[in-house]
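# Examining the three-dimensional arrangement
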Amino acid sequence: MRFGDIVTFRKDIFFEGAVQIDWFTQPTRAALVAENFVFHGSEYFGVSDENGTQKLTDTIQFVHDIVSKTDDEQLQNPLTLAIAGYGTGKSHLAVTLSQLLSGSDYLPKTYQKIIRNISAIDKEKATAIAAATRKPNLVLTINGMKDFNLHYELLKAAQRSLKLYGCSDENLKKLNRALETAFRFFEINAESQLSLFETYAPSYGYQEKGAELIAKIKHHLGEDDAAFLIINAVYQHINGNEIRWDEGVSASAVLDTLLTEYCGISGPFNHIFIIFDEFGRYLEYASTATSAQSGDSALQQIFESTQNAEGAIHVVNFIQSDIKTYLQRVDQTSTISRYIGRYDASEKYYLSSNLETVFANLIQRSNDFSSTIKPRLDDKEDLWQSLFQQMGRWLPVQGTWKSYKLFRRVAVEGIYPLHPVSTYMLTQLSDYLQNRSSLTLLSRYIETLSQTPIDSTHPIPLVYPEELLAGDLYTEMLSAEEEGRQLSQHCIRLNNIFRKLGDKLSLNSSKVLRANLALRILRFRTNDYQDAKSALSICSGLSTQEIDAELIWLENEYAVLGFDEHVGCFDFLEDSSGAHDFRTFFRRIRAGTIFSPSILEESSIREMAGVLTPQSTNFANIKKIKTNEWQFEQDVFAIGDLSTGFLDACIATWHAAVSPDKIKGKLIWLYVNRDTDTHILSAVQALSQKLENTPIILMLLNDTEDKLKSALWDYSALNTVAENDRKKYGRHYEDALSQSEYNIRSAFDTLRKQRLCIKPDAIAPLENRLAISLTSVFESVYPNAISFDFDGFDSKQPSRARKAYCSITRLLLSGSLSDNMIHSFPADIRNRLDATLFANGTYSWKCINSNYQICPPQQSSAAKIYDFITQELQEDSLASCQSIYDQLTKPPYGMNDYGVVYMLSVVLANLSYCLRMTLNNETYSVQSWKEKVIDDSKINLPLLLKI
């Protein structure tokens, strides 16, 4: 029996790795695609990493959320962005989603198969998805890979879908006046101007002549751009001008007609879903083409129609990057940039891919598998258990790789003949190649093994990582590094070694080198020399004895591998003699360097530690405060350097942070290593009592393995190297310095992820991610914080915001608030008034009603502060602004100085009839007082606080 009789690759459902959304309108093809989409649930993905990057969403959760938007009882964001990298299966998912949304009666066998596929992973969500998709929706699919006018493409998509669902498109034909003009012109001139049609047709791919050409143009007009372009060319030849684009259809008219004629009570469809695949590719095209060619105004019309449809229209755009990425590529003054920017308000889903289960789904096993290969795999159970534990120690694992049951079923047995580490490697190489390239590679290896005999006298084949790196995969990865698509140079260095040594290397030496490439690319966290040898053995299929034999040559004879004690792995050494000399030189220099924790005070180290950038929180977003104050400044130093005086200074700085640009929080990272005296920790815990009820947080960097210390020591030693020695060793010195900087960043990152917080009663990890935990700190210290939705104070240049702020404040205190007065101001001032004070502002204090009368805030949190101020005035008729200001800028309110003055202005404006200001023993009315303390662009706060 041969391997190919037992294991095969399912090419029938591979689709050469590249599904297109256009296949949705081809029922047979779409059914095959949708029935074989491999879903994955939250047990595989759906978690955020510790660096605050975007949360990944599994495909079942994504589909569940999208179909839930059909619930008319819950008004949800009708715009969705599905974001995933190139080659990760977005188009396949788009076709499958389109099938589901088309309802249970459209291709019912396919629909039920999709629901069963989901149910096999998550029965609860499968039931919910089925319940939400029973009614048919009108699904319009658009492929952004084509160059088109979006107005016309939307019309064509609607016509294709209506035809697919068996509905007449007569109501749409009347919308396209350009098409109508072309059709009428063709009817009149087809026979009389046949020679002209025959002249222009070949330019657009039509080779027919005579009656065949006339019939083809007539049949394809409205479906094929070429037919229209042929008629347009003849039209221009005769009339001297083209059929005008502005006589054509508009996206808004198409959607209005679809809603009116085909949806709701009068139509067969529940909602309209626009599934726009390769949305980013269309944006790139539209940014370079003319408006007539791209129809970019359709973006705005689709956006507005969707917003106005009250949940009846939904747009799901599949894209490779966030909208902001595309905005950076276009002229910010162009119209298209405004259109694109609208879609940044979409609900964003960063889709995860689950390549492991896709692999398993594409590998087909005959009945003989259970009697020939499975017993041989079962015999190695101890090996698989050991490998599972080692991978968990060496690699960042999640999903399939964290559960031995899943690992054994999927990675060992389900994806055989790939070695589990080979599978893991392919799932981690998105920086180098697309997922579909990995699938093609898997197909190729299964085909290559097809003639391998399977019997008791031969070991069963297993594809190790080094074998994967011996062919096309290595070539593609090398190309990625050489072209700059991948910043690492591991493949380049290995290639240089192969070119230099050529035939001198034995077969096993080449295997060891390729296995080491796998270790470097996957960033194996091996601990020491023996651990690294074990990893090389696993990735090459060689025994440790064979590894030892090859390392004698690779380390000592050829000197192309050198063990790095800090990172616990082997480095590729291209210039073997120079590298060896430098390593010897560096060991001597390092031995003569004394390590001091004071190196943490150097700006370069602080930059590598990531403390020069404030740590963001969600507090400002939750409270709707548009300022930069709700962050945490960061600092780092050795724990022994923390003092009472420093903490007192931090507290004083916090009390003084009352401006919109003054950060309120302080995050202090304290470094300890094996040499740190444990008594210092107890002393610091005692000091932390001073920080109770403040946004000043102490965090511990617990370097128990001295990895950060070692990296800092390397960096310190390298910086003592004399200039002439730096030149002497050239690239070797630069590489060592670069590696030490990488090691420092990596070590800091690892220690930060421990999230160890120092409190008086304990040192324990935070329960949530850092950003969430720090948000909770602000919520605890400032429970009565209120919104300040004043645009511009969070920008790098807030001068315009300050000027607008002064204009609004003067207007409030003028006593002449009216419709005419407000509309005499520029739009940016009116918008800020709406956002902060008018009753219709979403996060406004709601202190100006529809009659332009100033009233106490209707927003509950703002009303409490208003009541607090008025209560102060009632209790003390000579209450000072300073007293009110001091209380509102401190916990539990935490208002900034602009917010306090804004609220004071509301109070004064509302009570101007009975309030007077006293300054230097002189009394002023509210209107005259404002002239003294507020000018066009500045508030005289010191003068105000004297009142």
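Position numbers for residues start from 1 in each chain and track the written sequence from start to end. It should be noted that, the model being predicted, local features are given only for residues of pLDDT at least 70 and side-chain atom pairs only at 80 or more, the latter also being counted only at that level, while totals for whole chains, interfaces and linings use all residues. As a rule here, side-chain values come from all non-hydrogen atoms in the structure, and water together with hydrogens is ignored.

This next bit is on the overall build of the protein chain. What counts as a helix is a DSSP run of H or I of at least four residues, what counts as a strand is a run of E of at least two, and both are numbered from the N terminus. Per the secondary structure count, the protein chain includes 47 helices and 17 strands. Across its three principal axes, the protein chain shows a C-alpha extent of roughly 105 × 95 × 55 Å. Categorising residues by exposure relies on relative accessible area from a 1.4 Å probe, with only protein chains included: less than 20% of the type maximum marks a residue as buried, more than 50% marks it as exposed, and the intermediate range marks it as partly exposed. Here the protein chain holds 947 residues, and 53% of them are scored as buried. Any pair of residues with heavy atoms lying within 4.5 Å of one another is described as a contacting pair. Counted over contacts in the protein chain with a minimum sequence separation of 6, partners at least 24 positions apart contribute 72%. When charges are tallied, Lys and Arg are placed among the positive residues and Asp and Glu among the negative ones, while His and the ends of the chain are skipped. By convention, charge coordinates are those of NZ in Lys, CZ in Arg, CG in Asp, or CD in Glu. Where the 94 positive side-chain charges of the protein chain centre and where its 116 negative ones centre are 1 Å apart.

Before going further, it helps to examine the nonpolar core. In these notes, a set of buried Ala, Val, Leu, Ile, Met, Phe, Trp, Tyr and Cys residues joined through side-chain atoms within 4.5 Å is what counts as a nonpolar core. Tyr805, Leu837, Trp845 and Leu944 are the most contacted members of the largest nonpolar core, which has 124 residues in total. A per-element tally of this core places helix 45 (residues 897-910) first, with 10 residues. Contacts of tyrosine 805, omitting those with residues within four sequence positions, involve Phe788, Phe790, Phe793, Tyr898, Val901, Tyr902 and Ile939. In this structure, Ile60, Leu162, Phe279 and Leu351 belong to the second largest nonpolar core, which totals 109 residues.

Right, let's talk about the state of the cysteines for a bit. Disulfides are covalent bonds that link the sulfur atoms of two cysteine residues. When two cysteine sulfur atoms are found within 2.5 Å, that pair is recorded as a disulfide. Overall, the coordinates contain zero disulfides when judged by the stated rule. Here cysteine 263 stays free of any disulfide, with the sulfur of cysteine 167 as its closest cysteine sulfur at 9.9 Å. Relative accessible area serves as the criterion here: at 6%, cysteine 263 is assigned to the buried category.

Bringing the environment of alanine 360 into the picture now. By the element assignment, alanine 360 lies in helix 19 (residues 355-362). Placed 392 residues apart in sequence, alanine 360 and arginine 752 show a C-alpha to C-alpha distance of 36 Å. Look past the residues within four positions of alanine 360 in its chain and what remains in contact with it is Gly414 and Ile415.

Assignment of secondary structure puts serine 510 in helix 29 (residues 507-522). With sequence-adjacent residues up to four places away left out, serine 510 is seen in contact with Phe498 and Leu505.

Here six strands make up an open sheet; going across it, the order is 2-7-3-6-5-4 and the pairing parallel. If you trace the sheet from one side to the other, it starts and ends with strand 2 (56-57) and strand 4 (138-143), each paired once. Across six bridges, the pairing between strand 4 and strand 5 (residues 272-277) is parallel. What sits directly across from leucine 140, in strand 5, is isoleucine 274. Axes here refer to lines fitted to C-alpha atoms; in helices the fit is confined to the stretch in contact. Angles between the N-to-C directions go from 0 to 180 degrees. Its contacts with the sheet put helix 13 (residues 251-262) on strand 4, strand 5 and strand 6 (313-319), and the angle it makes with strand 5 is roughly 145°. Where helix 16 (residues 297-308) meets the sheet, its contacts fall on strand 3 (79-83), strand 5 and strand 6, and the angle it forms with strand 6 comes to roughly 135°. In this analysis, strands are considered paired if DSSP registers two or more bridges between them.

Between the rings of Phe, Tyr and Trp (Trp by its six-membered ring), a pair exists once the centres lie within 6.5 Å; its type follows the angle of the planes, with under 30 degrees stacked, over 60 edge-to-face, and the other angles tilted. Taken as a whole and judged by the stated rule, the model has 51 aromatic pairs. Ring centres of phenylalanine 788 and tyrosine 902 lie 5.8 Å apart, and the angle between their planes is 85°; this geometry places the pair in the edge-to-face category. One end of the pair, phenylalanine 788, is in the loop between helix 39 (770-781) and helix 40 (799-814); the other, tyrosine 902, is in helix 45, with 114 residues separating them in the sequence. Classification of tyrosine 902 as buried rests on a relative accessible area of 0%. These aromatic residues form a ring-pair network of at least three members: Phe148, Phe276, Phe279, Tyr282, Tyr285, Phe303 and Tyr343. A ring is scored as having a charge over it whenever the NZ atom of a lysine or the CZ atom of an arginine sits within 6 Å of its centre and within 35 degrees of its normal. Note that lysine 216 overlies the ring of tyrosine 206, its terminal NZ or CZ placed 4.3 Å from the centroid. Residue placement shows lysine 664 over the ring face of tryptophan 630; its charged tip is 5.3 Å from the ring centre.

Let us now look at the packing of helix 4 (residues 90-101) against helix 5 (residues 108-119). Contact pair helix 4 / helix 5: the axes reach a minimum separation of 9 Å and the direction vectors enclose 115°. When the axes of helix 4 and helix 5 are compared, the crossing they make is left-handed. Contact residues: Thr96, Gln99 and Leu100 in helix 4; Thr110, Tyr111, Ile114, Ile115 and Ile118 in helix 5. Note on residue categories: nonpolar means Ala, Val, Leu, Ile, Met, Phe, Trp, Tyr, Cys or Pro, charged means Asp, Glu, Lys or Arg, and polar means any other residue, Gly included. The residue inventory of the contact of helix 4 with helix 5, partitioned by class, reads five nonpolar, three polar and no charged. Whether a crossing is left-handed or right-handed is set by the direction in which the near helix is turned from the far one by less than a right angle, anticlockwise for left-handed and clockwise for right-handed.

It is worth stressing that arrangement in space is one thing and function is another; only the former is reported here.
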